[in-house]
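# Per-entry structural report
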Amino acid sequence: MTAHTAYAAPAASRLPLIALTALAPISWGTTYAVTTEFLPADRPLFTGLVRALPAGLLLLAISRTLPRGIWWGKAAVLGALNIGVFFPLLFLSAYRLPGGMAAVVGSVGPLFVAGLATVLLGERPTLRTLLTGIAAALGVSLVVLKAAGALDPVGLVAALASTASMSTGTVLTKRWGRPAGVGPRALTGWQLTAGGLLIAPLALLVEGAPPALDGRAIGGYLYLALANTAVSYWLWFRGIGRLSATQVTFLGPLSPLTAAVVGWAALGQALTPLQLLGMAIAFGATVLGQLRPGPTAPRTGPATDGRSPRRSPRPTTAAGGARTTAGGAR
C-alpha cells in the first residue's frame, strides 16, 4: 500500500521545482505550431499515438520497472485519464469548437482540480484559489478566443470531459503517489504506455493505416515524442508528487500563452492589446497560484524520487498532443 505523508518544502527549494514543472505546459504550448508546420494534416489520433506510446516504452526501458499488484490497475486508470482519454477528447473538441474555445474550457482546470482535491485530498480551496482560477480562465479567453461561431454541443461536452479527465488524473496521481522504490520516470512510462495502447486501436479504426512520413514529419514526431512528451510528462508527474495538485494545475495556462507567443514569433501572427492584457492576467494568475506556505505531497516508501530523505516524514492520512485552434496543447 502507499503511505501518504505531509511535508513542507522550504520556499527557496520550491522555486526550481516550480520552474522545472512549468517547462511541461510551456513545451505543450509548442504542439500547435509543430503540428501545423511539420506533421501530416488531419491525423490527430495518430499524432497522439506517436507521442504517447514510443515515449512510454522508452521510459520503461530506461527505468526497467514494471507495475506490481494493484498498480497494474492504477497505472491503467491514470494512463487513461491523463493520456488515453484526454488526448482524443481534446482533439475532438479542438476540431468542433470555434477558435480557441477548447483552450478556454481547458483553462478552468484549476477549478476542477480545486473541487476534486477537496473530496479526494482534503485540500480545502481558499477564496484566493477560486478567484485566481477565474482570473486564469478570463486571461486565457482574452488571448485565444476568436470571433464566436455556433457552439457545437458535442465539441463542448468533449472539451469539458477532457478537462475533467486530466483534472481527475492529476488529483488521483497525487492521491495514490507511487509504490515504494518507484520514481516519477517509471510512473510516467507506465501512464504513457497505457494511454498509447488505449489510443492505438481507436487511431487505426478512425484514421486507418499510418500516413507516409517525410523528413520534416519524422523530425516533428521525434520532438513530440521525446521533448514534448517523455521529458515534459516526466517533469509534470514529478511536480505533482512534490507540489500540491492546485499548484501544478495553475501552471496549465502557460500552455496557451506559449502557443500565442510562438504564433507571434515564429508564424507571424499578430498580438492585439487585448491579447497582451489577457496574457498579463493569465500569467499573474499562474504566479499567484504558486503562492502558498508549502506543498502537501504524498511520499512513498523511503523517498519519492529514489533518494534517501534527509529526515523521516511524519505520516498523515490523505482526506496535455492535441492541438487547439488558437491556444495551447498538451
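Residues numbered from 1 in each chain as written. Predicted model: local features only at pLDDT ≥ 70, side-chain atom pairs only at ≥ 80, totals over all residues. Heavy atoms only, no water.

### Here we look at the side chain of Arg-43
Within the secondary structure, Arg-43 sits in the loop between α2 (31-38) and α3 (44-63). Beyond its immediate chain neighbours, meaning those up to four positions away, Arg-43 contacts Glu-207, Gly-208, Ala-209, Pro-210 and Pro-211. (Helix = DSSP H or I, 4+ residues; strand = E, 2+ residues; numbered from the N terminus. Contact = heavy atoms within 4.5 Å.)

### Describing the environment of Ile-240
For Ile-240, the location among the structural elements is in helix α11 (residues 215-242). Ile-240 gets classed as buried once you look at its relative accessible area, which sits at 0%. The spacing of Ile-240 and Thr-173 is 67 residues in sequence and 7.2 Å in space, taken between C-alpha atoms. The contacts of Ile-240, once residues within four sequence positions are left out, are Thr-170, Thr-173, Lys-174 and Val-248. (Buried < 20%, exposed > 50% of the residue type's maximum accessible area, 1.4 Å probe, protein only.)

### Some details on the packing of helix α7 (residues 109-120) against helix α9 (residues 153-176)
It is the contact of α7 with α9, at a shortest axis distance of 9 Å, that shows an interaxial angle of 40 degrees. Our classification of the angle between α7 and α9 gives oblique. You can see that α7 and α9 cross each other, and the crossing is right-handed. Touching Gly-109, Phe-112, Val-113, Leu-116, Ala-117 and Leu-120 of α7 are Leu-160, Thr-163, Ala-164, Ser-167, Thr-168, Val-171, Leu-172 and Arg-175, all from α9. Its residues assigned to classes, the contact of α7 with α9 shows nine nonpolar, four polar and one charged. (Axes fitted to C-alpha atoms, helices over the stretch in contact; angles between N-to-C directions. Parallel < 35°, antiparallel > 145°, perpendicular 65-115°, else oblique. Left-handed = near helix turned anticlockwise from the far one by under 90°. Nonpolar A, V, L, I, M, F, W, Y, C, P; charged D, E, K, R; others polar.)

### Describing the pattern of salt bridges
Overall, the coordinates contain one salt bridge when judged by the stated rule. With a shortest N-O distance of 3.5 Å, Arg-43 and Glu-207 are connected by a salt bridge. Placement of Arg-43 in the loop between α2 and α3 and of Glu-207 in helix α10 (residues 184-207) is noted, with a sequence separation of 164 residues between them. A residue is classified by how much of its surface remains accessible, and Arg-43, at 15% relative accessible area, is buried. Overall, Glu-207 belongs to the buried group, its relative accessible area being 19%. (Salt bridge = Lys/Arg side-chain N within 4 Å of Asp/Glu carboxyl O.)

### Comments concerning the nonpolar core
Counting residues in each nonpolar core, the largest one holds 29 residues, and the members touching the most others are Ile-83, Phe-87, Leu-192, Tyr-233 and Trp-236. A total of six residues in this core trace back to one element, the largest contributor, which is α3. (Core = buried A, V, L, I, M, F, W, Y, C linked by side-chain atoms within 4.5 Å.)

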